[in-house]
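Remarks on the overall topology
What follows is the residue order along each chain.
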Amino acid sequence: MKKMYFLLMVALSSLFLLTPIHAAEPVKVGMILPYSGVYAGLGKEITRAFELGLEVFGDEVNGRKIVLVQEDTEGKPNSGLSKTKKLIFSDKVDVLVGPVSSGVLAAMRDTVHNSKTPFVIANAGHDGISGAKCSPWIVRTSFSNRQVVRPMGKWMYDNGYRKVYLMAPDYAAGHQMMDHFKAGFKEAGGTIIGEEYPPLQGTKDFGPYLAKVKEAKPDALFVFFAGGPAIQFVKSFGAFGLGNTIPLAGAGWLTSPLYIKAQGEGANNIIGSANYIPSIDNAANKAYQDAFKAKHKREGSEFAVQGYDSARVIVEALKAVNGDTSDKKAFMDAIRAVTFDGPRGKMRFDSKNGNIIQNIYVYKNSKTNGVIAPSVFDVIKDVQDPSDSCTM
Amino acid sequence: MKKLFTLDRFVALFLIALSLLLSESVEYYGQELIAEITILAIFAMSLDLLVGYAGLVSLGHAAFLGIGSYATGILTVQYGWEMFPTMLISIALAGLVSALVGIFVVRLEGIFFIMITLAVSQMFHAYFLKNREFGGDDGMPGIQRLDLEAFGLTVFDPADFAKFTLIVAVLVYIGLDLLMSSPFGRYLIGIHQNENRMRSLGVPVEQYKLAIFIIAGMVAGLSGSLQAQHTGFVSPDAMFWTVSGVVLIMVIAGGTGSLVGAVVGAVIVRLLSHQISSLTEHWMLFMGLFFIAIVLFASDGIYGTFAKYCRRSRWWKSAGNSSD
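Residue numbering note: each chain is counted from 1, following its sequence as written. Working convention: letters from A go to chains and numbers from 1 go to ligands, in the order in which they are written. Note on the predicted model: pLDDT of at least 70 is required for a residue's local features to be given, and 80 or more for side-chain atom pairs to be given and counted; whole-chain, interface and lining totals, by contrast, use all residues. Working from all heavy atoms in the structure, the side-chain values ignore hydrogens and water.

Here we look at the overall build of chain B
Helix and strand assignments follow DSSP, with helices taken as H or I runs no shorter than four residues and strands as E runs no shorter than two, numbered in order from the N terminus. When you go through chain B residue by residue, the secondary structure sums to 14 helices and 2 strands. The globule rule used here is 2.2 Å times the number of residues to the 0.38 power, and the radius of gyration it is set against is calculated over C-alpha atoms. The C-alpha atoms of chain B give a radius of gyration of 20 Å, which matches the 20 Å a tight globule of 324 residues would have. Over its C-alpha atoms, taken along the principal directions, chain B stretches across nearly 55 × 50 × 45 Å. The proportion of buried residues among the 324 residues of chain B is 54%. Considering only intrachain contacts with a sequence separation of at least 6, the fraction spanning at least 24 residues in chain B is 75%. A residue counts as positive if it is Lys or Arg and as negative if it is Asp or Glu; His and the chain ends are not included. Lysine's charge is taken at NZ, arginine's at CZ, aspartate's at CG and glutamate's at CD. On chain B, the mean spot of the 18 positive side-chain charges and the mean spot of the 22 negative ones are 16 Å from each other. Think of it in three bands: with a 1.4 Å probe and only protein chains considered, a residue is buried below 20% of the maximum accessible area for its type, exposed above 50%, and partly exposed in between. Only heavy atoms enter the contact rule, under which two residues are in contact if any of them lie within 4.5 Å.

Now the structure itself:
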C-alpha cells in the first residue's frame, strides 16, 4: 500500500513539474485579414494555409503553443487600423500577420512601426513598404508589386517583344504597375507604342480599347487586371478574337487559378509573371500541395502559399530564439534571418528592406484535356525589390 | 417655458462623465476606442441635423467627412501647414462644398434627395480614388495631430487625445443644442413636420434647408479632420457610400431627432461591431439581427424608446417635468 502511495506521489509531483512548461504563455499571432467584404475569400484562404503551416511545421515551440487571434479588417483602412491597435495594445500579440489590401497596409504601417511589433506581411504588395515606408519591424513573405512586374519588362524584350501596348485600370495601382513595367522594358531597349487606362469600375465593354490595340499592331499587349475586371477583360479579349494575332501578357493576377475557369477561351496562351503557380516542380511544393489537398480537397492558390510560408517563417524564428519572444528585437532579428527552400523555391528576406527575395515565374496558359491551366515557361531567379528610398 | 435640464441634456451629461471616467481607467486600446467613438458621435450628430431635424435623409454625408479629412491631410502633409489653421480651413472647405452641393440638392425630397446625395458623394470618392497626387486608392499617410501643449495635453498620449476629442464633442453638442432650441431650429422642425404650412406662413424653406445642410457639412468636416488626426491617415474609403450608410444606421438605431440619440447610436453600434467581430467571422449577421430587432421592437431607436418610457414614468414627472 505504501508503495502505491509513493508511486502516486511521484506521479503527482511529476505532473506539477510538467505543468509549468505546458502552462507557459502561448505565442499569440494576430491575424489581421479581411473576413468580410470583397476580399473575405482571400483572408480565409490565407488563414487556412497558415493553420496548415502550423500543423506541418509544428504549433508548439519550447512548450509555448502558437495560438491565432483573428481580427476582421473588412478590407477597409480605418477598420484595419483600429483592429491593429486592438491586437497590439489589447490582445498584446507577439507578431502580426496580414493584410490583403495595400490600403490597409499603408494605414497600419505607422502604428506597427511605432509600437515595435514584429509584422509579417502575407499579401499586400504596396511598394512603399519596401521603399520610403520600410521599417525594421516589417518583413514581407508575399511580394512587392514592382517585384512581380518589373522583371517582366526585361524578360519580354529578351524574348523578342520589342513594341508593346499597355492597358490597366485607371487607378493608382494600375498606373504604378504600368510604370514599373515600362521602367524594366525601356531599360532593356523596348518601345511602348500606346497606353490605355479604362475606368476601374463599370467597364463592361473593352471593345473600343481593343480596337485601338489591334490597329497599332504591337508585338504584344501587356496588361494589369485583377479580380472582377480581369474576368471581364479576358472574356472580351477572347470574344474580340485578338488572341490569334497579338499575344497577351500580364502580371499573375490576370488569370488566377481562382477565376481562370470563368474567363473561358480568352485565357488560353496568356503569358504572365507570378511569384507562385501551383505546378512548380520541387519537393517542397509537392509536400505543400499534397497537404493542402488532403485537408481542403483542392489545389492551394498563390494566396494560400503566402500564408503557409508566413507560418513557417514564424515557427522557424521562434525555434531560433527558443520560444522566447520577450526580447522583441531578438525575435525580429530571428524572423529576418529565416531562409528556406519553400514551395516557391529558395526564399530569404532582403536585409535592405525586409522584402522577400524570391523567384519570379513566367508562366504560359495552355489547354490540355479541355482545361486551361498555367505551366512554368521560364524562371527569373532571385528577384529583389529594386528598393531605392529605404533607409533603416 | 424652456427648461434647462431636459432629458437629453441629462443623458448627455451622464455620457460625458462616463467617458471622462473611462478615459482615465481603461488601458491604451480602450482610450483609442473612446477617441474613435467620440469622433463618430460628432459625425452622427451632424447627420442627425439633416435626418432628424430637417427631414433630409442623406446617403452621402461621408463626402463631407472625407473632404475634412483630405483637406487636413493635404494641407499639413503636402503643404506643411500648422494643424490649427488647417482644421479651421478644413471645416470651412467642407462648408463651402456643402453649400455648392446644397444649392442643388435641397430642392429635392425623399428618394430623390437620397439618390442625389449618394451620387454626389460617389463623385467625390471617384475623384480621390483616381487622383494620384493625393495617393489614389492607397490613401495618404503621415498626418500629425494638433499640438495642445499649451493646455497641458500631449495628444500622442491616447488618453489625452481621447479627452481632446471629448471636449470638442461637448462643444459641438452645446453649440448644436443651442442652435436647435433657437427659433432657427424650431423652424426646421416645423418644416420637417409640415413643409407646406411653413411655406404658406412665409418661411423661406429652401434657405433654411440650405443653412442646415451647410452646418451639417461643416460639423462632418470637423469630425473628418479629427479622424484624420486620430488615424494619421486618410483614404478614399473614408467617403465611400457604405460609410454614409453605417452612420445613417447609427442615427436611426440611436433615435432620430435628438442629438443624444445619434450619440447613443454611434456608441452602441461601434461597440457592438467591435465586440462581435472579435468573436466570430459572421459578425455582420448578428449586427443585421440586432438592427432588425431595433426596427421591430424599438422603432423610435434605442434612445428614442428609452426617452419615451422615461417621460411617461412617474419619476420623471414627479421631478417637475411635463411629458414633453
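Side note on helix H6 (residues 172-188) of chain A
Multiplying 1.5 Å by the helix residue count minus one yields the expected span of that helix. For H6(A), spanning 17 residues, the distance from its first C-alpha to its last is 25 Å, which sits close to the expected 24 Å at 1.5 Å a residue. For H6(A), the complete set of buried residues consists of A:Ala172, A:Ala173, A:Gly174, A:His175, A:Met177, A:Met178, A:His180, A:Phe181, A:Lys182, A:Gly184 and A:Phe185. Against the buried residues of H6(A) lie helix H5 (145-158), strand S7 (163-167), strand S8 (191-196) and strand S9 (220-223) of chain A together with helix H5 (110-130) of chain B. Among the residues trailing H6(A), A:Gly189 stands out with phi positive, at a value near 120°.

Describing the domain arrangement of chain A
Residues and elements named next belong to chain A. Here the domain parsing of chain A yields domain 1 (22-143 + 281-349) and domain 2 (146-274 + 360-383). A C-alpha centroid distance of 29 Å is found between domain 1 and domain 2. Opposite the 11 residues of domain 1 that make contact, domain 2 presents 11 residues. Computed with a 1.4 Å rolling probe, the buried area is the accessible surface lost when two parts are put together, summed over both parts. By the criterion of area lost to domain 2, the three top residues of domain 1 are Asp127, Phe143 and Glu302, representing 54% of everything that side buries. Salt bridges are defined by distance alone: a side-chain nitrogen of Lys or Arg within 4 Å of a carboxyl oxygen of Asp or Glu. Run the count over domain 1 and domain 2 and you get 2 salt bridges. Residue Arg348 is joined to Asp382 by a salt bridge in which the shortest nitrogen-to-oxygen separation is 3.9 Å. Secondary structure elements with two or more residues in the side of domain 1 that touches domain 2: helix H11 (302-320) and strand S13 (345-349). Residue ranges assigned to each domain were obtained from an automatic or database domain assignment.

Describing the interface of chain B and chain A
Where interface size is quoted, it is often the accessible area lost as the parts come together. Each partner contributes residues to the interface: chain B has 28 residues there, and chain A has 33 residues. Taken over both partners, the interface formed by chain B and chain A buries close to 2,600 Å², and the fraction arising from carbon and sulfur atoms is 53%. Scanning the region where chain B abuts chain A turns up 4 salt bridges. Of the charged contacts, one joins B:Lys130 and A:Asp170 as a salt bridge, the two residues approaching to 3.0 Å between their closest N and O atoms. For the side of chain B that touches chain A, the secondary-structure elements that each account for two or more residues are helix H2 (28-54), H5, helix H9 (205-231), helix H11 (259-279) and helix H12 (283-297) of chain B. For the side of chain B that touches chain A, the class distribution of residues is 7 nonpolar, 11 polar and 10 charged. Residues are grouped as follows: nonpolar covers Ala, Val, Leu, Ile, Met, Phe, Trp, Tyr, Cys and Pro; charged covers Asp, Glu, Lys and Arg; every other residue, Gly included, is treated as polar.

Some details on empty space enclosed by the protein
All names here are of chain A. The distinction between a cavity and a pocket rests on a 1 Å grid over the protein atoms alone: a 1.4 Å probe fits inside a cavity but cannot get out, while a pocket stays open yet meets protein on both sides within 12 Å along at least five of seven lines, and a residue with an atom within 4 Å of a point counts as lining. Grid points are joined across faces, edges and corners, and a volume is the space filled by probe spheres set on the points. Summed over all chains, the structure comprises 5 cavities of 30 Å³ or more. A volume near 130 Å³ is recorded for the largest cavity. Along its surface, the largest cavity is lined by 17 residues, and Gly252, Trp253, Ala274, Tyr276 and Glu302 are the ones closest to its centre. Secondary structure elements with two or more residues in the lining of the largest cavity: strand S11 (271-274) and H11. Of the residues that constitute the lining of the largest cavity, the class distribution is 10 nonpolar, 6 polar and 1 charged. Counting contributing residues per domain, the lining of the largest cavity is built from domain 1 (22-143 + 281-349) and domain 2 (146-274 + 360-383), each supplying no fewer than three.

What to know about the side chain of B:Ser258
Residue placement: B:Ser258 occurs in the loop between helix H10 (241-254) and H11. If we skip the residues at most four places from it in the chain, B:Ser258 touches B:Asp8, B:Asp48, B:Tyr53 and B:Tyr303.

Concerning the packing of aromatic side chains
Stacked, tilted and edge-to-face are the three classes assigned to paired rings of Phe, Tyr and Trp, where Trp is represented by its six-membered ring and a pair needs centres within 6.5 Å; plane angles under 30 degrees give stacked, over 60 edge-to-face, the rest tilted. Counting across every chain of the model gives 27 aromatic pairs over all chains. Between A:Phe181 and A:Phe185, the aromatic rings sit 5.4 Å apart at their centres with planes inclined by 20°, giving stacked as the arrangement. Remark: A:Phe185 and A:Phe181 occur in helix H6; sequence separation between them is 4 residues, near one turn of the helix. For the pair A:Phe181 and A:Phe185, a shared accessibility class is recorded, and that class is buried. Each residue in the set A:Phe57, A:Tyr276, A:Tyr288, A:Phe292 and A:Tyr308 is aromatic and connected to the rest through ring pairs, giving one cluster. By the criterion adopted, a ring carries a charge over it if an Arg CZ or a Lys NZ lies within 6 Å of its centre and within 35 degrees of its normal. Above the plane of the ring of A:Phe340 lies A:Arg312, whose end atom (NZ or CZ) is 4.2 Å from the centre. The ring of B:Phe161 is capped by B:Arg145, whose NZ or CZ atom sits 4.1 Å from the centre of that ring.

Details of the packing of helix H2 (residues 40-57) of chain A against H11(A)
Geometrically, a packed helix pair is captured by the angle between its two axes and the distance between the axes. Residues and elements named next belong to chain A. Orientation of H2 relative to H11, taken along the N-to-C sense of each, is 40°, at an axis distance of 7 Å. Taken together, H2 and H11 sit at an angle that is classed as oblique. For the crossing formed where H2 meets H11, the hand is right-handed. Here H2 contributes Leu42, Glu45, Ile46, Ala49, Phe50, Leu52, Gly53, Leu54, Val56 and Phe57 to the contact with H11, which in turn contributes Phe303, Ala304, Gly307, Tyr308, Ser310, Ala311, Arg312, Ile314, Val315 and Lys319. Class assignment for the residues of the contact of H2 with H11 results in 14 nonpolar, 3 polar and 3 charged. Each axis is a line fitted through C-alpha atoms, and for a helix only the stretch in contact is used; angles between axes span 0 to 180 degrees, taken between their N-to-C directions. In this scheme, roughly parallel covers angles under 35 degrees and roughly antiparallel covers those over 145, while 65 to 115 is roughly perpendicular and the rest are oblique. When the near helix sits turned anticlockwise from the far one by under a right angle, the crossing is termed left-handed; a clockwise turn instead gives a right-handed crossing.

Describing the packing of H11(B) against H12(B)
Residues and elements named next belong to chain B. Across the interface, H11 lies against H12 with an axial gap of 9 Å and an inter-helix angle of 145°. The crossing of H11 and H12 is right-handed. On H12, the residues that touch Ile268, Val269, Leu272, Ser273, Ile276 and Ser277 of H11 are Trp283, Phe286, Met287, Phe290 and Phe291. Of the residues that constitute the contact of H11 with H12, the class distribution is 9 nonpolar, 2 polar and no charged.

Things to note about the environment of B:Ile114
Residue and element names in this part refer to chain B. Structurally, Ile114 is set in helix H5. Under the relative-accessibility criterion, Ile114 is labelled partly exposed at 22%. Those residues in contact with Ile114 that lie beyond four places of it in its chain are Val57 and Leu59.

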